[in-house]
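Chains, contacts and geometry: an overview
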Amino acid sequence: MRLRVAGLWRHPRSKMFWFRMSVPERYRARVGKREWKESLGTSVEAEARALHAQKLVEVHDLIRRLDATDTVAVDDEAEKIVSAGFDALARSNVKSHEIAADYDLTRGLDHVCFTMLKMMSFRARLDWGGSYAAKAQEEALGEVDEDLWPVEQPDPVGAFPTFAHRDAVTLNIDLFESNSLFKGAAFREVARAHLLTRDWKAVEIEATIVAQAAGIVFKPRGPLFEAVAERILRRLAEHRFSHWPTGVEKVLLPMMTAMANHLPAPAIAGASAPARTLNDAFAAWQKHNGIDPELPDKTSDEWKVALDRFRELTGTDDISAISRKMVKSFLEDVAQLPSRPKKAVGELPLREQISAARAAKLPTLSPPTVGKHLAAIRSVLAVAFDKEWIAANPAAGLAVTGAKHTGTERDHFSDEDLRKIYTAPLMTNPEACSDTMFWILLLAPFHGSRPGEHCKLKPHEIVREGEEWVMRFRTDSRQRRVSDALETRPRRQKTLQSVRDVPLHWIVIEAGFLDWVALQIQRGEHWVFGDLEADKYGDRYKYLSSEINDAIRAVGIDDPDKAFYSTRHSWRREGRRRRVPEHDLDQMAGHASTNVGRKYGQGSPIDTLKESIDRFEFRSVPWDAVVACAHQRLVRLARATLPVPRDI
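Residues numbered from 1 in each chain as written. Predicted model: local features only at pLDDT ≥ 70, side-chain atom pairs only at ≥ 80, totals over all residues. Heavy atoms only, no water.

**As for the pairing of strand β5 (residues 468–473)**
Keep this limit in mind: For two strands to be treated as a pair, DSSP must find at least two bridges joining them. The helix count covers DSSP runs of H or I at least four residues long, the strand count covers runs of E at least two residues long, and both are numbered beginning at the N terminus.
Both strand β4 (residues 462–465) and β5 contribute to a ladder of four bridges, which runs antiparallel. Following the sheet pairing, Val-463 is matched in β5 by Val-470. From the end of β4 to the start of β5, which pair antiparallel, there are two residues, and Gly-466 there has a positive phi angle of about 65°. Pairing between β5 and strand β8 (residues 500–503): four bridges, direction antiparallel. In the strand pairing of β8, Arg-472 is matched with Asp-501.

Right under this line is the structure:
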């Protein structure tokens with residue numbers, strides 16, 4: 001017997017209690033075993049529990065020490081990489097350039113540091129755009145490309161968020177970098193600003209060059225990269241030049257060439273075109289999809305969260321500056337955010353949330369959630385591309401591994417599961433649950449509809465078409481007032497195929513559902529199920545859903561892959577068992593047919609669908625008791641609906 005978690009284990013022969021706990025895989029090499037196993041030296045359970053708790057504390061202390069050792073190991077490795085890299089770059093400069101007889105490693109290091117500082121400052125000023133970029137180009141290249149970054153760019157999350165800060169840096173560069181006594185001083189201030197804001201992205205190129213010089217290749221992310229980036233920035237910010245480098249131009253050119261190989265191609269903005277932001281693209285996306293920004297909309301809110309996170313993690317708001325590499329980097333970063341963090345963590349800046357999640361080993365966003373972030377960026381930029389605000393959609397063609405729906409997230413109810421639900425007091429005792437919950441439970445297995453669709457029905461949408469009664473699943477074209485309260489938002493259907501007519505099953509009619517609808521009309525109800533409370537997005541099923549699923553768990557169905565939505569899967573299986581044509585099943589369920597031929601003729605007529613739907617009976621359920629319960633509920637409601645006679 002091998003336990004996966006810490007727990008008391010009693011030896012079957014000696015009756016002595018033991019402490020047993022598997023060693024997490026990442027610690028096994030250093031611990032030297034796969035399992036902690038130790039006798040607690042007692043057969044008395046109370047004593048064993050106390051000793052077990054003490055031993056568990058010892059194990060957790062050991063794990064914390066091992067984690068601390070990991071941190072120290074990363075720091076040590078980063079220190080070795082940075083020291084070896086700078087030394088190799090300095091030696092390379094000494095060997096590769098015939099400069100002066102007294103040229104040594106100290107001067108070589110001066111050359112390396114000055115070049116990195118100058119290039120880092122050059123990139124920062126280019127990112128600011130406008131006159132800052134023009135000045136930087138003129139100083140470094142001797143010419144200005146006026147079409148590049150035509151206006152000053154806002155940078156609310158960078159090291160230089162205000163124009164006053166940038167003006168001060170520019171002035172210091174003009175004052176100090178022209179004087180041989182103070183060269184490098186203003187550039188060091190740029191490095192210190194990046195270090196203060198922990199902007200490791202700003203030193204990504206230098207980190208790559210230093211690591212390669214040390215013989216190391218790593219991706220520019222993760223604890224080791226951050227440790228290397230921090231040490232490089234600290235070295236550059238604190239470097240003191242022993243001699244002002246002579247012949248520095250002979251070192252500067254090859255170093256600039258090496259760095260340029262790592263620079264992405266700059267985004268070119270038309271000088272006359274206004275800078276378009278993510279907010280502009282988001283507003284265009286809302287308009288394109290007919291979303292009123294004044295009304296709550298779930299997709300719109302989710303998209304806004306994704307865009308806000310993109311803006312904060314990338315520091316980019318100008319859509320013309322968004323690159324494919326930037327989108328990929330964002331997806332990698334957002335996947336490390338904690339999932340449903342506590343308030344104290346959730347209020348932190350996103351970078352700090354990522355650090356907190358890593359340190360505390362918190363669960364992070366799932367692939368489907370990250371995929372939804374990608375969908376938001378891609379769809380918003382697609383509208384911007386369609387409007388010709390950008391030359392291409394940098395998010396097009398990207399995918400998140402594991403994000404795609406596989407169709408296996410929900411299992412069907414077995415015959416025994418259905419028997420448990422529909423023979424329970426829930427469906428046979430008129431006092432066991434609300435009338436609304438009863439009817440929603442009864443409608444679901446026979447029609448293949450989404451449970452939430454039944455919750456959005458209105459009485460006038462239960463109509464007679466020819467000889468048959470049907471439910472008409474529709475959308476609302478505009479906002480309407482109900483009594484004195486404005487509906488949260490117009491109803492929508494999930495897909496185009498979801499707008500459809502579905503015949504009522506004969507058992508549901510026999511149970512008196514049409515009488516229920518008539519009573520709701522008599523009572524002046526706007527909805528077939530008027531007691532449901534909608535959330536801010538207009539979802540009338542959300543709160544009832546959890547109540548129904550709790551009731552299903554209470555009857556003994558505790559499989560996590562089964563929920564009330566499983567009735568939709570069960571309906572499909574029952575239809576195949578009853579040999580119902582697939583095109584009828586698609587039409588009634590609101591699914592798009594994959595067969596081109598089935599799309600001709602606008603589907604099956606209602607009388608054909610009625611024949612198909614009446615085949616559903618679910619052989620494990622005795623429906624007579626359910627129908628009898630429905631009649632009792634209708635009698636009770638009818639009595640409550642009768643007008644109260646006035647006293648004569």
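**Thoughts on the packing of aromatic side chains**
Spelled out, the test is: Note on aromatic contacts: the rings of Phe and Tyr and the six-membered ring of Trp form a pair at centre separations within 6.5 Å, being stacked when their planes are under 30 degrees apart, edge-to-face when over 60 apart, and tilted otherwise. Burial classes follow relative accessibility: with a 1.4 Å probe on protein chains only, a residue under 20% of its type's maximum area counts as buried, one over 50% as exposed, and anything between as partly exposed.
Per the counting criterion, the structure on display carries 13 aromatic pairs. Ring geometry for Trp-439 versus Trp-516: centroids 6.1 Å apart, planes at 40°, classification tilted. Here Trp-439, found in helix α18 (residues 435–447), pairs with Trp-516, found in helix α21 (residues 513–522); they are 77 residues apart in sequence, far enough to count as distant. There is no split in this pair, since Trp-439 and Trp-516 are both buried. With 4.7 Å between their ring centres and 50° between their planes, Phe-446 and Trp-623 make a pair best called tilted. Here Trp-623 lies in helix α26 (residues 623–641) and Phe-446 lies in helix α18, a separation of 177 residues in the sequence. By relative accessible area, which is 8% here, Trp-623 ends up buried.

**Focus on the packing of helix α3 (residues 105–128) against helix α7 (residues 204–213)**
For the record, the criterion: Angles here are taken between N-to-C directions and fall from 0 to 180 degrees, while the axes themselves are lines fitted to C-alpha atoms, restricted in helices to the stretch in contact. Roughly parallel here means an angle under 35 degrees, roughly antiparallel means over 145, roughly perpendicular means 65 to 115, and every remaining angle is called oblique. The contact criterion used is simple: two residues touch if any of their non-hydrogen atoms lie within 4.5 Å. Gly is placed with the polar residues, together with every amino acid not listed as nonpolar (Ala, Val, Leu, Ile, Met, Phe, Trp, Tyr, Cys and Pro) or charged (Asp, Glu, Lys and Arg).
Their axes nearest at 10 Å, the elements α3 and α7 cross at an angle of 150°. With respect to α7, the axis of α3 lies roughly antiparallel. Side by side, α3 and α7 meet where Met-116, Met-120 and Arg-123 of the first sit next to Ile-205, Glu-206, Ile-209 and Val-210 of the second. Here the contact of α3 with α7 is built from residues that sort into five nonpolar, no polar and two charged.

**A word on the sheet that holds β8**
The strands making up a sheet associate through backbone hydrogen bonding, with each pair oriented either parallel or antiparallel. Spatially, the three strands line up as an open sheet ordered β4-β5-β8, and their pairing is antiparallel. With one partner strand each, in any of the chains shown, β4 and β8 form the two edges of the open sheet. Sheet twist, expressed as the mean angle between neighbouring strand axes with direction ignored, is 40°.

**Quick look at the confidence of the model for the chain**
To be explicit about the condition: The quantity called pLDDT is the predictor's confidence in a given residue, expressed from 0 to 100.
Of all residues in the chain, 78% attain a pLDDT of 70 or more, and the chain-wide mean is 78. Helix α20 (residues 506–510) holds the highest mean pLDDT among the elements of the chain, 93, whereas strand β7 (residues 485–486) holds the lowest, 40. A low-confidence stretch, residues 479–488 (pLDDT under 50), is modelled with 22 contacts involving residues beyond four sequence positions or located in other chains. Low pLDDT, under 50, characterises residues 596–601; the stretch is placed with five contacts to residues that sit more than four places away or in other chains.

**So, the pattern of salt bridges**
Where charged atoms of side chains with opposite charge meet at close range, the side chains can pair. For clarity, the threshold we go by: Every case where a carboxyl oxygen of Asp or Glu lies within 4 Å of a side-chain nitrogen of Lys or Arg is listed as a salt bridge.
Applying the stated rule across the entire model yields 32 salt bridges. Here Arg-231 ties to Glu-79 by a salt bridge, and the two come within 3.2 Å at their closest N and O atoms. Separated by 152 residues along the polypeptide, Arg-231 in helix α8 (residues 222–238) and Glu-79 in helix α2 (residues 45–96) bring together distant segments of the chain. Given the relative accessible area of 18%, Arg-231 is considered buried. Overall, Glu-79 belongs to the partly exposed group, its relative accessible area being 36%. Asp-415 is paired through a salt bridge with Arg-619; the nearest N and O atoms lie 3.2 Å apart. Residue Asp-415 is located in helix α16 (residues 415–423), and its partner Arg-619 is located in the loop between α25 (606–613) and α26; the two are separated by 204 residues in the primary sequence. A relative accessible area of 25% means that Asp-415 is categorised as partly exposed. Arg-619 gets classed as exposed once you look at its relative accessible area, which sits at 60%. One salt-bridge network, held together by shared partners, links Asp-415, Glu-574, Arg-577, Arg-578 and Arg-619.

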